[in-house]
Amino acid sequence: MANADAACADFVDALRVLVDWEKEVAAAYDPKDIWTPVFRKMQGSTRGWFEELAALPDFLTHTLSDASANTQKVFNPRFTAPPMLNEEFCKMVDDAQMRSAPF
């Protein structure tokens, strides 16, 4: 049971990290307004990762209740780059870096 408790704690921690990151992005402030478009674009970027992790409890419930326990089950989430972190986003970051450079 200790392994199950540790797995649950890891799952909750992963969700907490994503929530905390989203909070930090939402609260990010740039007094010169150079990075504001980048911060706005990043908001909601972890949605896909939440959706991947949200499938885990159902997967475990189904796996643990399956009578044919002799088969191997694999949970394989795909943590890919969020769609909003694309070429346009990279250009926004480059532009902000150039505008905020000291020289």
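The coordinates are above.
Residues numbered from 1 in each chain as written. Predicted model: local features only at pLDDT ≥ 70, side-chain atom pairs only at ≥ 80, totals over all residues. Heavy atoms only, no water.

Participant: Can you walk me through helix α1 (residues 2-27) in this structure?
Facilitator: The periodicity of an α-helix, 3.6 residues per turn, causes residues three or four places apart in sequence to face the same way. Compared with an ideal rise of 1.5 Å per residue, which puts 26 residues at 38 Å, α1 spans 37 Å between its outermost C-alpha atoms and is within 8% of the ideal. Its buried side turned inward, α1 meets α2 (36-42) and α3 (47-65). (Helix = DSSP H or I, 4+ residues; strand = E, 2+ residues; numbered from the N terminus. Expected span 1.5 Å × (residues − 1). Contact = heavy atoms within 4.5 Å.)

Participant: Help me out: how do you make sense of the packing of α1 against α3 in this one?
Facilitator: The relative placement of two packed helices comes down to the angle between their axes together with the axis-to-axis distance. Between α1 and α3, whose axes approach to 11 Å, the crossing angle comes to 160°. On the basis of the axis angle, α1 is roughly antiparallel to α3. Judged by the twist between their axes, the crossing of α1 over α3 is left-handed. Two secondary-structure elements touch here, α1 through F11, A14, L15, L18 and V19 and α3 through W49, F50, L53, L56 and P57. Here the contact of α1 with α3 is built from residues that sort into 10 nonpolar, no polar and no charged. (Axes fitted to C-alpha atoms, helices over the stretch in contact; angles between N-to-C directions. Parallel < 35°, antiparallel > 145°, perpendicular 65-115°, else oblique. Left-handed = near helix turned anticlockwise from the far one by under 90°. Nonpolar A, V, L, I, M, F, W, Y, C, P; charged D, E, K, R; others polar.)

Participant: What should I look at first to understand the packing of aromatic side chains in this one?
Facilitator: For any two aromatic rings, the description comes down to two numbers: the centre-to-centre distance and the angle of the planes. On inspection of all chains with the given rule, the structure shows 1 aromatic pair. Ring geometry for F59 and F75: centres 5.4 Å apart, planes at 45°, overall tilted. Taken together, the residues span a long stretch of sequence, with F59 in helix α3 and F75 in the loop between α3 and α4 (87-100) at a distance of 16 residues. Given a relative accessible area of 22%, F59 falls into the partly exposed group. Exposure remark for F75: the relative accessible area of 26% places this residue in the partly exposed category. (Phe/Tyr/Trp six-rings, centres within 6.5 Å; stacked < 30°, edge-to-face > 60°. Buried < 20%, exposed > 50% of the residue type's maximum accessible area, 1.4 Å probe, protein only.)

Participant: What's the story with the nonpolar core in this structure? I'm lost.
Facilitator: Grouped burial of nonpolar side chains is what soluble globular proteins tend to show. Ranked by size, the top nonpolar core spans 8 residues in total: V25, I34, V38, M42, F89, M92, V93 and A96. Elements with a contribution of two residues or more to this core: α2 and α4. Per element, the largest residue contribution to this core is 4 residues, and it comes from α4. Discounting chain neighbours no more than four positions away, the residues touching V25 are F39, M42 and Q43. (Core = buried A, V, L, I, M, F, W, Y, C linked by side-chain atoms within 4.5 Å.)

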